[in-house]
Amino acid sequence: MQNCFQNNFLEAGCDEAGRGCLAGPVFAAAVILPEDFDNKELRDSKKLSAKKRDSLRVVIEQEALAYAVVKVSVQEIDSINILNASILAMHKAIEALTPQPEFLSIDGNRFHKYKSIQHQCVVRGDDLYQNIAAASVLAKTHRDEYMMQIHDEYPMYQWAKNKGYGTAAHVQALREYGYSPFHRKTFHVKSLLSLKLDL
């Protein structure tokens, strides 16, 4: 896996976590790695165990030249839709970087230009470039940590296990208990067949 997409400009890799969830914020991370950074275990966070993600998070946060992780709330997701919320989260993460990058490599195929910084969208970029993979790991681990915290408020949804994704147990809990304040009312939940929930 290459360190980054190009080597002429200071590059940040960007990725998000939680885009396909029924509940919880969407998180995004932006990471600038040193040119000589090379970790053979780093890859798309979805292909790593939770234990491995947590250990890589420590390495990334210690060795990155800069990193930032931010979240965009459920309320904002409902207001501007999940795609725009995911891109907004990445913009906020980029904005929080010091130094500011000169080039952005983005996981996936959708992005809105950030200021005047050149960018490149890369499908499955978190399996091709270490800076995107690092952003994937940070976004995922920070989001999982957040979902574990809010699980204590609403244990019936089993967020400690499903992290807000639409598992059978999560959907059944929605049938029984309805929405929590952390559910996305205009995304996925609303469209689940056979769910007749009060908004």
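Residues numbered from 1 in each chain as written. Predicted model: local features only at pLDDT ≥ 70, side-chain atom pairs only at ≥ 80, totals over all residues. Heavy atoms only, no water.

### Focus: the overall build of the protein chain
Consideration 1: Of the regular secondary structure elements, the protein chain holds six helices and five strands.
Consideration 2: Each helix and strand of the protein chain, placed in order from N terminus to C terminus, yields the pattern β-β-α-β-α-α-β-β-α-α-α.
Consideration 3: Taking 199 residues into account, the globule formula puts the C-alpha radius of gyration at 16 Å, and the protein chain, at 17 Å, falls close to it.
Consideration 4: Along the longest, intermediate and shortest principal axes, the C-alpha atoms of the protein chain span 55 × 35 × 25 Å.
Consideration 5: When burial is assessed residue by residue, the protein chain has 52% of its 199 residues classed as buried.
Consideration 6: Sequence separation of 24 or more characterises 64% of the internal contacts of the protein chain that already satisfy a separation of 6 or more.
Consideration 7: Accessible surface, the protein chain: about 9800 Å² in total, of which carbon and sulfur atoms supply 49%.
Consideration 8: If the 24 positive side-chain charges of the protein chain are averaged to one point and the 24 negative ones to another, these points end up 7 Å apart. (Helix = DSSP H or I, 4+ residues; strand = E, 2+ residues; numbered from the N terminus. Rg over C-alpha atoms; globule rule 2.2 N^0.38 Å. Buried < 20%, exposed > 50% of the residue type's maximum accessible area, 1.4 Å probe, protein only. Contact = heavy atoms within 4.5 Å. Areas by Shrake-Rupley, 256 points an atom, 1.4 Å probe, with all protein chains shown as cover. Lys, Arg positive; Asp, Glu negative; His and termini not counted. Charge placed at Lys NZ, Arg CZ, Asp CG, Glu CD.)

### Quick look at unusual backbone geometry
In most cases, non-glycine residues show a negative phi, while peptide bonds are predominantly trans.
Consideration 1: A cis amide bond links Thr 98 to the next residue, Pro 99, at an omega of 5°.
Consideration 2: Its place among the elements puts Pro 99 in the loop between α3 (82–95) and β4 (103–107).
Consideration 3: A positive phi is found at Arg 124, a non-glycine position, where the angle reads about 60°.
Consideration 4: One can find Arg 124 in the loop between β5 (118–122) and α4 (130–151).
Consideration 5: Under the relative-accessibility criterion, Arg 124 is labelled exposed at 61%.
Consideration 6: At Lys 163, a residue that is not glycine, the phi angle is positive and equals roughly 55°.
Consideration 7: Under the relative-accessibility criterion, Lys 163 is labelled buried at 15%.

### Side note on helix α1 (residues 50–63)
Consideration 1: Taking 1.5 Å of rise per residue, the 14 residues of α1 would be expected to cover 20 Å, and the 20 Å separating its terminal C-alpha atoms lies within 8% of that figure.
Consideration 2: By the burial criterion, the buried members of α1 are Arg 53, Leu 56, Arg 57 and Ile 60. Down the axis of α1, the buried set is contained in an arc of 115°. They therefore lie on one face. Exposed residues lying more than 90 degrees from the buried face of α1 are Lys 51 and Gln 62.
Consideration 3: Turning to α1, the residues buried within the fold contact β2 (26–32) and α4. (Expected span 1.5 Å × (residues − 1). Arc of directions from axis to C-beta.)

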